[in-house]
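The residues making up each chain are set out below.
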Amino acid sequence: MSKPIFLVTGGCGYIGSHIVLALRDASYGVVVVDDLSTGCREAIDSSVPFVRGDIRDEGVLRGLFGAYSVRGVVHAAAVASVPESVAEPQRCQSINVAGTKSLLEAMRACDVGMLIFSSTSGVYDEGARPPFDEGTALGPLNPYAQTKVDGEQLIESYGVQGLSYAILRYFNVGGADPQLRAGDRKRSATTLIKSALECALGKRSGLAIFGTDFATKDGTGIRDYVHVWDIARAHVLALEHLLAGGRSDIFNLGVGRGFSVREVIKVVKEVTGVDFAVREEGRRQGDPPCIYGDVSKARQVLGYRAAYPRLESIVRDSWRWEQFINGLGGAD
Ligand code: UDP
């Protein structure tokens, strides 16, 4: 019997394109819907069935479910940037919350009963004491994280009516497919590792550290950095958990330890061999001081283990990818 087919929304984005690869590597069928607002068609192989469309358009989703006998959905489509959500909160709300509602309605109408949802560690209350487990109090600090809380609650309400789901709360995702079949293609980087690598490449004049007065070991923000390939593989594990009749639940996906901005910069300089300029600036709006996760539930229930837990591996694969897409090699 052939393996089931899954729809990946946002499959042309950074994380979505890695999920597509991980599913195909595990011999699942994949169909992608993406509006290409931030994703690129080239991010996925031309053999993957693709529809350019908006997830708020239920008709597009119903058409896909019928045409491909879709068994379940990985919902990665979203406005996923915190700064963008602060600049355009209504658009973020519409795509992330109304879009999720439209997907859930289309799934119900077409009897598609399995969903994996991309959520974020940003949902947790920054006042809580890390490591954050899934029971930590919620307290989203920015509009993006608020839309993820709203999306989670919507999904849980459909869960009561029979939907099987796994909500995956990602910590800070970095790296690229170790085979360089995919990577982060966003043109205007706001994340720390990609911004620092653009400095190493000479595409930016220097890196700003946003906030040096946090109550952390060196005053800069602490995050739990996790390799995108580990995140992608966890989606396959979560789907297999649901396919085997496993219970719907929420899972943290991180590595379980935190690095400060200064520590990340040091590793980026070591990996690239470039000593770029760094300047200290004020805090960025909506940035919490210290986030790292307790990932023991994903370990115990899904069998999740980070294959690339070291910050050096995450930075090295991001660096290889940046060199590769900028025509400077990196594929070794
Ligand atoms: N950061 C920074 N300079 C940058 C980008 C990010 O100092 O150019 C800091 C940011 O304030 C946070 C950490 O790096 O403490 C990670 O930020 P990123 O945007 O990568 O992810 P976030 O945790 O905001 O989702």
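The structure we're discussing is the one just above.
Attention here is on the structure that accompanies the text.

Calculation criteria
Residues numbered from 1 in each chain as written. Predicted model: local features only at pLDDT ≥ 70, side-chain atom pairs only at ≥ 80, totals over all residues. Heavy atoms only, no water. Buried < 20%, exposed > 50% of the residue type's maximum accessible area, 1.4 Å probe, protein only. Helix = DSSP H or I, 4+ residues; strand = E, 2+ residues; numbered from the N terminus. Pairing = 2+ DSSP bridges. Contact = heavy atoms within 4.5 Å. Salt bridge = Lys/Arg side-chain N within 4 Å of Asp/Glu carboxyl O.

**A closer look at the pairing of strand β5 (residues 114-120)**
Here comes step 1: Judged by how many residues are buried, β5 sits mostly within the fold: seven of seven residues are covered.
Here comes step 2: The two faces of β5 match: Met114, Ile116, Ser118 and Thr120 on one face and Leu115, Phe117 and Ser119 on the other face are all buried.
Here comes step 3: Direction of pairing for β5 relative to strand β6 (residues 164-170): parallel, over a ladder of seven bridges. Following the sheet pairing, Ser118 is matched in β6 by Leu168.

**Describing the environment of Tyr165**
Here comes step 1: By secondary structure assignment, the location of Tyr165 is in strand β6.
Here comes step 2: Those residues within four positions of Tyr165 in sequence are excluded, and the remaining contacts are Leu115, Ile155, Glu156, Gly159, Leu242, Ser248 and Asp249.

**Here we look at the pattern of salt bridges**
Here comes step 1: Summed over all chains, the structure comprises 24 salt bridges.
Here comes step 2: In this structure, the salt-bridge partner of Arg181 is Asp25, at a minimum N-O distance of 3.0 Å. One end of the pair, Arg181, is in the loop between β7 (172-174) and α6 (192-200); the other, Asp25, is in helix α1 (residues 14-25), with 156 residues separating them in the sequence.
Here comes step 3: Judged by relative accessible area, Arg181 falls into the partly exposed class, the value being 30%.
Here comes step 4: As a salt-bridge pair, Arg320 and Asp317 come within 2.8 Å of each other at their nearest N and O atoms. Taken together, the positions of Arg320 and Asp317, both in helix α10 (residues 311-325) and three residues apart, correspond to about one turn of that helix. Each member of the pair, Arg320 as well as Asp317, is classed as buried.

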